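A look at the structure
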Amino acid sequence: MTSYAAEWFKVVRRRTLWAFAGIWLVLAFGFEYIDPYVKAGALHDAGQHLAALRPLLPDVLPAQTVSGYSLWGGALIIAFGALVFGSEYGWGTWKTLFTIRPRRLTVLMAQVGAVGTALAVLVAVDFLVSAAASALIARSLTAPVQWPGVVSLLRGAGAGWLILFAYALFGGLGALVTRGTALAIGLGVTWVLVIETLLRGLAGSVPLLRALIKFFPGVNAGALAAAVGSRGGINIGIVGGAHAVAVIVGYAVLFIVLSGWILTRRDVP
Amino acid sequence: MNTQTPPTPGSSRSPESHPAAIAASHLTKQYGRTLAVDSVTLSVHPGEVYGFLGPNGAGKTTTLRMLLGLIRPTAGRVRVLGRPAGDPEALARIGAMVESPAFYPYLSGYDNLVVIARHARLPRLRVGPALEAVGLDQRGGDRVSVYSLGMRQRLGVAAALLKDPEILILDEPTNGLDPVGMADMRRLLTALAASGKAVLLSSHQLGEVEHVCHRIGMIVQGRLTVDTTVAEVKGAEGLVVRATPLSSAVRCLADRYGAGRVSSSGDVIELSVDPEQSVVVNRLLLDEGIEVHGVWTRERTLEELFLAQTTRQGGNSRGKGDVR
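These numbers were taken from a predicted model, which means no experiment stands behind them. (Residues numbered from 1 in each chain as written. Chains lettered and ligands numbered in written order. Predicted model: local features only at pLDDT ≥ 70, side-chain atom pairs only at ≥ 80, totals over all residues. Heavy atoms only, no water.)

**Remarks on helix α5 (residues 149-161) of chain B**
Because the α-helix completes a turn every 3.6 residues, residues three or four places apart line up on one side. Residues and elements named next belong to chain B. Quick note on the threshold: Going along the chain from the N terminus, every DSSP run of H or I of four or more residues is numbered as a helix, and every run of E of two or more is numbered as a strand. Expected span of a helix, by definition, is 1.5 Å for each gap between consecutive residues, and there is one gap fewer than residues. Whether a residue is buried, partly exposed or exposed follows from its accessible area with a 1.4 Å probe, protein chains only, as a fraction of its type maximum: under 20%, in between, or over 50%, in that order. Residue contacts follow a heavy-atom distance rule, with two residues in contact if any of their heavy atoms lie within 4.5 Å.
Over its 13 residues, α5 extends 18 Å from the first C-alpha to the last, a length consistent with the 18 Å expected when each residue adds 1.5 Å. Of all 13 residues in α5, 11 are buried, a share of seventy percent or more. Among all positions in α5, only Gly150, Met151, Gln153, Arg154, Leu155, Gly156, Val157, Ala158, Ala159, Ala160 and Leu161 are buried. Where α5 is buried, its residues touch β6 (94-97), α3 (109-119), α4 (127-133), β7 (167-171) and α6 (179-194).

**A closer look at the side chain of Thr62 of chain B**
Here Thr62 of chain B lies in helix α1 (residues 60-68). When near neighbours in sequence (up to four residues on either side) are disregarded, Thr62 of chain B contacts Lys29, Tyr31, Ala36, Val37 and Ile71 of chain B.

**Considering unusual backbone geometry**
The step from Thr244 of chain B to Pro245 of chain B runs through a cis peptide bond, and the omega angle for that step is -5°. Within the secondary structure, Pro245 of chain B sits in the loop between β11 (236-244) and α9 (246-257). Look at Thr142 of chain A: it is not a glycine, yet its phi comes out positive at around 50°. In this structure, Thr142 of chain A sits in the loop between α7 (104-140) and α8 (150-178). By relative accessible area, Thr142 of chain A is classed as exposed at 72%. With a phi angle near 50°, Glu172 of chain B is a residue other than glycine that sits in the positive phi range. Its location among the elements puts Glu172 of chain B in the loop between β7 and α6.

**Regarding empty space enclosed by the protein**
Test applied: Using only the protein atoms, space was sampled on a 1 Å grid; points where a 1.4 Å probe fits but cannot get out form cavities, open sets with protein on both sides within 12 Å along at least five of seven lines form pockets, and lining residues are those with an atom within 4 Å of a point. Grid points are joined across faces, edges and corners, and a volume is the space filled by probe spheres set on the points. Under the scheme applied here, ten amino acids are nonpolar (Ala, Val, Leu, Ile, Met, Phe, Trp, Tyr, Cys and Pro), four are charged (Asp, Glu, Lys and Arg), and all others, including Gly, are polar.
In total, this model carries 6 cavities of 30 Å³ or more according to the counting rule given. Quantified by volume, the largest cavity comes out at close to 180 Å³. Along the wall of the largest cavity there are 18 residues; nearest its centre are Thr96 and Thr99 of chain A together with Ala96, Met97 and Ala159 of chain B. Put simply, the parts of the chain that give the lining of the largest cavity at least two residues each are α6 (94-97) of chain A together with β6 and α5 of chain B. Split into classes, the residues belonging to the lining of the largest cavity amount to 12 nonpolar, 4 polar and 2 charged.

Structure, rendered in structure tokens:
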């Protein structure tokens, strides 16, 4: 726990991370609420206008909030993970950490814990901002404000957190492999936004790819978002929610195990 | 830095009477075809300062990293306080600064030490005194990114002292320090050794090593070529005589001690005899009617040893360039 406290202390005091989180929240709010609200405003047909605003109302808060997590949200969070783990190479601070006392795996798990906590705060704030926006939209429509149940909220927030956590660990692993941040961010974002999209597009005509994409992070992240009601994302109906949870948890565990293996096996520069 | 008056290295205590705090045996590290460290065996005992010398790229830092468990030896064995290198229980009792000290630039000096204290399971209360010990208490709240090289060095030493360690492993701790800071560091190191800590000091500052260290090890091209006490290195190895006429003095001394022990260089004679012979030499020359201007004890300096070792191993240009 003391190592976790040390790593959380580092994360809390690192303004770069909070600036990054702030930008992420602004983008999330923009994609989840402002963009659909503005588009709905351009519709002149009253029925179409109300239908377009329907996903922004409080009762579907979890689905709307996590709708972008599987694509742009996850892609950006890769950078967050890469910054937390990879900066230790840039500053040369692995040697400082590994000559204090704790085992290397203890330090890694403390960092994983700190990242997980930061993402939980991020998701919670996103849900709060989204809740405020949806309540305002409901009032503007003079519609009743009906909040989802606690279980639904927790499921939504949990799914969102799991998606972001796995992507952050993906970025962290990339940073450990490449011993830095820049290449890890570049490769991670390219994978999520370009390569996986390309392979998904080819899956229709290549049977082997059709089987493989069931295990792609983006597909499963999209499926998980869809499982809490999201209609966005990149789920193409290939996998269900339970499968998606299993695969994403599997990825998170795999990324931690590989990161631990790299950190314990490698000489420290 | 706040320190007490240091004892003289090599004083009455006998560090080697204690079991070794650091014991490395046949430590070897190979990177591909490059043998960075070649079967280094050394030990450091509580209460002593061990100077670890060598030219750039000789394997000093690689050896220190192996002692700390940062890199794995290809062969050989390390025991630190009776435990393997990198063992958490051993690390908890070691203060280390390897190469340039590395800190989080966005945190203050104080906060960096808080991070270390938390990882080390130490109370935050230790941070203030550690900063004070290195003279950084007034600047502890500043971000490390604005620290000078000397301030970072001081913070590195504060981080090493934070755990009140039994062993200190310091790589070039005076790098970037001003003369006052260097003198403070010397006092601090000798005071730490006097309090029973084992100090392994890697340095290019040969004068500093000569003043502070009890024993030295010299690594050249990965091999430990010297492992001895500073007293032995500096040990008087002969006499220097100035006399006229020089040729008569040389002949006289060669007759007495043998030609192999006498050599002249410029206007002085170097005589490889026990310095206790100075009175005898003086009388001998005077009895022969030779005018004696002076007889001095000749001490070898660490710099001479360093240059001799590095030149002998073919590292002449590299080694000489490192001597300050």
